[in-house]
Each structure stands twice: as C-alpha cells, then as structure tokens.
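Chain residues, written in single-letter form:
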Amino acid sequence: MTVADSARPAPLPEERGPLSAAVLRVLRGGTAPEVTVAGADPLGEDLQLALYLSYEPHYRALEGVADEREWDPALLGLRRPMEEAFLGALREAVPGDDDVTGALDPLLVEPVDGHGVSHRLMEDGTWELMREYLAHRSLYQLKESDPQAWLIPRLEGQAKASLVAVAYDEFGAGRGERVHARLFAELMDGAGLDASYGRYLDLAPATTLATVNVMSLFGLHRSLRGAAAGNFAVLEITSPPGARRMAKALERLGAEERCIRFFTEHIEADAVHEQVMRRDVLGDLLAREPELAADVAFGIRATVWLDERWEDRVLTAWQHGRSSLRGPLTPVPAPAVAAPTTA
C-alpha cells in the first residue's frame, strides 16, 4: 500500500435497508428522509451499516462525501437513535454490575481447549480462510487505535499518561512505517488482498460491523469514557495470545515475513500493554472516578460478547463450508508464497 492509496477516499457501500439508505443519502448531501429505528434489529445488517457509515466521516474521506458532513445535524440526528438502540441491546445482553476484576479475570487465563477463529487458522486454516479473516479485520485494523484515541482528552493524570504510552506504540513509536495500521496493510498486500481503506465494507456482515461500531460509540461519547477504557483493555489483554496463534498460522502457510510482522509486533508490544492498561489506566481511572466501575465492567463485557458473536458466525460458516463474508472474496493477484511448512 502506498501513501497515496491510504489517503484515497473510501468507496461507499450498497445500502442494506431504509436506515443505511437514509444515511447514504445525507452523506451525499441530500435531505434526510423520515425513518425510524422502531422495529429495526439493533444488531442487524441495516442498522449496523447505517451506524458504521455515520461514524466514518470522523475517520476518513469518503467518495462523493464533503468533509462538512462530519458534523451535519441531519447525520447526527439519524445517528443518535441508532446509538441508543445499539447501546440498549448491549446493556440487555451483558450483566450489569461494577465488578471490574470479575470481568477482567477470565481474559487473563488462556484456555487449554480454546476453539476460536485463531485456533482454527493455526491448526488447519487455508489461505482462503485466512484471507476471509483479514477482510473482516481490515475494517478496524486499517484504523487501529484511532477509535481509542478519542479517550485521551477524557482522562487525567497517570491514566492519560499511560494510555498515551500505549497509543504511542500502536502508532509506530514515532516511525511512520511501524504504524500498526500500515503493518496490517502490508500484511493484506502480502496475502493477495486489496489494502485500500474500506475496500471490504460491502462484504462485512453486521457481526463484524458491531465489533467496530462499539469502539466508535464508546470513544465518541465522554459519558461512556469508562466503557471506552474497558474496551481498550480487552483489546490489549487478548491480543498477545491471539497474535501468537496467527503468526504460527501464517508461518505454517509459508507467508512472507511482511505478513507475519504485524502479529509478531503485537506479541511483543501488547504483552507490556496489558499490564499498563490494567494497573495504570484502569487502576488510576477508577481511583479518581470510582463511580465509573460499572461502565468499565460494561465496556469489557460488551466487547467480549460482541467478539464471541463474531467468532461464532465465522466458525459456523466455516464448519458448513460457507464463506463467513456476505459475498465472494475476489483477491487481487498475490505474490508467490513459499510452500507450507509442516508441524
């Protein structure tokens, strides 16, 4: 991926219902039609795509969309009831308590009988399944840590300093070529995929969109800063073991070094980040604002719940010999890879 490619406006997807059609119309400069979230599935295709699109002007340029749409009152008017519906569904799905330790502790233990997506890819995944995984993950990884950056001005003291230290690594530690989003783009390119931002949005199901939307939802609302901190903690705590499995999967497939580099970077960096997030970010935040404990626990549990829903959809599709995406994945021509290694 060249710098020019990364700066190119992202394509707009096809609508998936009246809510996403309304958001697309406003993004293109039209008048907002009369639509309602009543009766819409808060976790369904239409609402999740509409919510995703309503957040995107905060992150990147979109084809045919003026930059001024970012704070368009009509767009915000469409977004707010969708956010409330999504947030309500999450609160209904996970326990409501203030037990942050109880929410975090299960994430600190690596199960001996793990059977998630990264386990499947490590054990017997093919390049076809690997490319599907990367297409799903591209919706977040090509803007990795951007949603969490909204949290920085909402923290104080040690929590702020430590979060910035974690973000510094995520954004390349001062080196543009080491920015994690850039490393993921190089991974996609090496795997024969189009690394352009937003390229696979049309193929991403609602379960994928929801895992990204929750980051924007939490990050863009100061009232949800505790949930945003919990979300970021989950990402950092669960990253090293998953990254280790993904590196092994790519090594088994004979991937190029530029493909594996993204995950080896996370094995090393996020092992330290996990300690910093728990002790210095969450610890200091809760010492200053103990009333946020329930929000932090909610952010942790909601993130885990959405990730588990996503994994279940992907694994179920693969078990039945189906694609986990909404349509066929057509990769760009891939460079030759080495013969797969044997275990």
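Placed above this text is the structure.
1. As for the overall build of the protein chain
Secondary structure assignment for the protein chain yields 14 helices and zero strands. Mapped from its N terminus to its C terminus, the protein chain presents α and β elements in the order α-α-α-α-α-α-α-α-α-α-α-α-α-α. For the protein chain, the C-alpha radius of gyration of 19 Å lies close to 20 Å, the compact-globule estimate for 343 residues. Its C-alpha atoms give the protein chain principal-axis dimensions of about 55 × 45 × 40 Å. Of all intrachain contacts in the protein chain linking residues separated by at least 6 positions in sequence, the fraction that spans at least 24 positions is 83%. When the accessible surface of the protein chain is totalled, it reaches about 14600 Å², and 53% of it is carbon and sulfur. Each charge class in the protein chain can be summarised by its mean position, and for the 35 positive and 53 negative side chains these summaries are 2 Å apart.

2. Digging into the side chain of histidine 273
Within the secondary structure, histidine 273 is located in helix 13 (residues 257–288). Only 3.0 Å separates the side chain of histidine 273 from the side chain of glutamate 236, close enough to count as a polar contact.

3. Overview of the packing of aromatic side chains
Taken as a whole and assessed by the stated rule, the structure comprises five aromatic pairs. A centroid spacing of 5.0 Å and a plane angle of 85° characterise the contact between phenylalanine 262 and phenylalanine 263, whose relative ring orientation is edge-to-face. By the burial criterion, phenylalanine 262 is buried, and phenylalanine 263 matches it. Site record: aromatic cluster; members linked through ring pairs are Phe184, Phe262 and Phe263. Between the NZ or CZ atom of arginine 91 and the centre of the ring of phenylalanine 298, over which it lies, the distance is 4.3 Å. Over the aromatic face of tyrosine 59 sits the side chain of lysine 143, whose NZ or CZ is 4.6 Å from the ring centroid.

4. Some words on the pattern of salt bridges
Scanning all chains against the criterion turns up 22 salt bridges. Of the charged contacts, one joins arginine 80 and glutamate 84 as a salt bridge, the two residues approaching to 3.5 Å between their closest N and O atoms. On the criterion of helical spacing, the pair formed by arginine 80 and glutamate 84 is a turn pair, its members being four residues apart in helix 4 (residues 73–93). In this structure arginine 80 comes out as partly exposed when scored by relative accessible area, which is 39%. A residue is classified by how much of its surface remains accessible, and glutamate 84, at 46% relative accessible area, is partly exposed. When the shortest N-O distance is used, the salt bridge between arginine 178 and glutamate 265 registers 2.7 Å.

5. Quick word on the environment of glycine 44
You can see glycine 44 is positioned in the loop between helix 2 (18–27) and helix 3 (45–55). Spatially, the C-alpha atom of glycine 44 lies 35 Å from that of alanine 159, the residues being 115 residues apart in sequence.

6. Here we look at the side chain of histidine 136
Positionally, histidine 136 belongs in helix 7 (residues 127–141). Among the polar contacts listed, one links the side chain of histidine 136 to the side chain of tryptophan 310, at a separation of 3.4 Å. In contact with histidine 136, other than residues within four places in its own chain, are Pro205, Thr208, Trp310, Val314, Ser324 and Leu325.

7. Examining the environment of tyrosine 133
Within the fold, tyrosine 133 resides in helix 7. Among the residues examined, tyrosine 133 registers a relative accessible area of 11% and is labelled buried. The sequence separation of tyrosine 133 and aspartate 189 amounts to 56 residues, and the corresponding C-alpha distance is 14 Å. Residues within four places of tyrosine 133 in sequence aside, it is in contact with Val117, Leu121, Met246, Phe263 and Trp310.

8. Overview of the environment of alanine 181
Of note, alanine 181 is situated in helix 10 (residues 180–190). In this structure the C-alpha to C-alpha distance between alanine 181 and phenylalanine 171, which are 10 residues apart in sequence, comes to 7.9 Å. If sequence neighbours within four positions are ignored, alanine 181 has contacts with Gln141, Leu142, Lys143 and Glu144.

So, how was this worked out
Residues numbered from 1 in each chain as written. Predicted model: local features only at pLDDT ≥ 70, side-chain atom pairs only at ≥ 80, totals over all residues. Heavy atoms only, no water. Helix = DSSP H or I, 4+ residues; strand = E, 2+ residues; numbered from the N terminus. Rg over C-alpha atoms; globule rule 2.2 N^0.38 Å. Contact = heavy atoms within 4.5 Å. Areas by Shrake-Rupley, 256 points an atom, 1.4 Å probe, with all protein chains shown as cover. Lys, Arg positive; Asp, Glu negative; His and termini not counted. Charge placed at Lys NZ, Arg CZ, Asp CG, Glu CD. Polar contact = N/O pair within 3.5 Å; in protein donor to acceptor, adjacent residues only side chain to side chain. Phe/Tyr/Trp six-rings, centres within 6.5 Å; stacked < 30°, edge-to-face > 60°. Buried < 20%, exposed > 50% of the residue type's maximum accessible area, 1.4 Å probe, protein only. Lys NZ or Arg CZ within 6 Å of the ring centre and 35° of its normal. Salt bridge = Lys/Arg side-chain N within 4 Å of Asp/Glu carboxyl O.

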